[in-house]
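Listed below are the residues making up each chain.
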Amino acid sequence: MVTGKERRLRRLFEEDGKTLLIAVDHSLTLGAASGLSDLGAVMGAAVAGGADGVVTHRGSAARSMPAQRGTALVVHLSGNTALSPGSELKTRVCDPEAALALGADALSAHITLGGGSAEDRQALADLGSLAATCDRLGVPLLVMTYVRTDARDTGPAVLHAARVAAELGADIVKAAHPGDRYVAELAATVPVPVVLAGGQNEGTWEAFCESAKAAMGAGVAGLCVGRRMFGAPDPVRATAELRAVVHGEG
Ligand SMILES: O=C(CO)COP(=O)(O)O
């Protein structure tokens, strides 16, 4: 028997067990951030460049996500805006059932840990409840993990938060790049596939691709890239190049 989660996970991960996700949830936080004024064009570029999935909010999914075989839809359920301080603490902005009605192949939620005990407890409670709902509905849960820490070396906190997400039922964990010396440990100690965020669009494109290639070699299952894709001069080409990195093509 194939469970609903397994069936849907196969729409996200290719035969090689790897996935390239393009994340376009930033404009809820930031407004029409650079490169995101036309979300339909960005999503079209993700599809044209061969992304395995697109992560976006419900309104954008309904309006702008092409119904394209081979490109999974991941609906992001968490949000907050930078109009007020504390935008890293998210609230639930979409029900799982509403996301499934839009055709979601997976759901995505954000947790930030390290901001204080009360905030951590709320994030853990919310995640526990959402993971149970995803189990009931047979839909995979991607958890985007973030940490607030004063430590100069954020690697251990990144690893801990990623492990927390898996402990509570995430099927895929997204983490920031924890630093070269922690990537293999991240992949080895989180018992579900880990995808790395792209991060700020800074440094050269070549250096980013080299770092992503090294991370793939160290065992991560893929990438979940936003700003470096939609901030690129040619987002279709950027996606295709990331696809080659993730799937070891070319
Ligand atoms: O998943 C992501 C945002 O939700 C990744 O975005 P960035 O690549 O811009 O860090």
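Note that the structure is a prediction, hence the values are computed from the model and not measured.

Taken together, Ala-23, Asp-25, His-26, Met-144, Lys-174, Ala-197, Gly-198, Gly-199, Cys-224, Val-225, Gly-226 and Arg-227 make up the full set of residues near the ligand. Note that an oxygen atom of the ligand is positioned 2.7 Å from one of the side-chain N or O atoms of Asp-25. Between Arg-227 and the ligand, the recorded distance is 2.7 Å, taken from a side-chain N or O atom to an oxygen atom. In the complex, the protein chains occlude 96% of the 300 Å² of accessible area that the ligand would expose alone. Its residues assigned to classes, the shell around the ligand comprises 5 nonpolar, 4 polar and 3 charged.

Considering the arrangement of structural elements, one finds Asp-25 in the loop between strand S1 (19-23) and helix H2 (26-30). One buried charged side chain, Asp-25, makes no salt bridge at all; its nearest oppositely charged neighbour is Lys-174, positioned 6.1 Å away. Among all residues touching Asp-25, those that are not within four sequence positions of it are Val-55, His-57 and His-76.

Tallying each qualifying case throughout the model produces 13 salt bridges. Of the charged contacts in the structure, one is a salt bridge between Asp-105 and Arg-11, with a shortest N-O distance of 2.8 Å. Residue Asp-105 is located in the loop between helix H5 (96-101) and strand S6 (106-113), and its partner Arg-11 is located in helix H1 (residues 4-12); the two are separated by 94 residues in the primary sequence. Of the charged contacts in the structure, one is a salt bridge between Asp-153 and Arg-181, with a shortest N-O distance of 2.9 Å. Of this pair, Asp-153 sits in the loop between strand S7 (141-147) and helix H7 (155-167) while Arg-181 sits in the loop between strand S8 (172-175) and helix H8 (183-189), placing them 28 residues apart in sequence. Classification of Asp-153 as partly exposed rests on a relative accessible area of 33%. You can call Arg-181 exposed: its relative accessible area is 66%. Here the salt bridges do not stand alone but share partners, grouping Glu-14, Asp-52, Arg-243 and Glu-249 into one network.

Quick notes on the rules
- Residues numbered from 1 in each chain as written.
- Predicted model: local features only at pLDDT ≥ 70, side-chain atom pairs only at ≥ 80, totals over all residues.
- Heavy atoms only, no water.
- Near = heavy atom within 4 Å.
- Polar contact = N/O pair within 3.5 Å; in protein donor to acceptor, adjacent residues only side chain to side chain.
- Areas by Shrake-Rupley, 256 points an atom, 1.4 Å probe, with all protein chains shown as cover.
- Nonpolar A, V, L, I, M, F, W, Y, C, P; charged D, E, K, R; others polar.
- Helix = DSSP H or I, 4+ residues; strand = E, 2+ residues; numbered from the N terminus.
- Buried < 20%, exposed > 50% of the residue type's maximum accessible area, 1.4 Å probe, protein only.
- Lys, Arg positive; Asp, Glu negative; His and termini not counted.
- Salt bridge = Lys/Arg side-chain N within 4 Å of Asp/Glu carboxyl O.
- Contact = heavy atoms within 4.5 Å.

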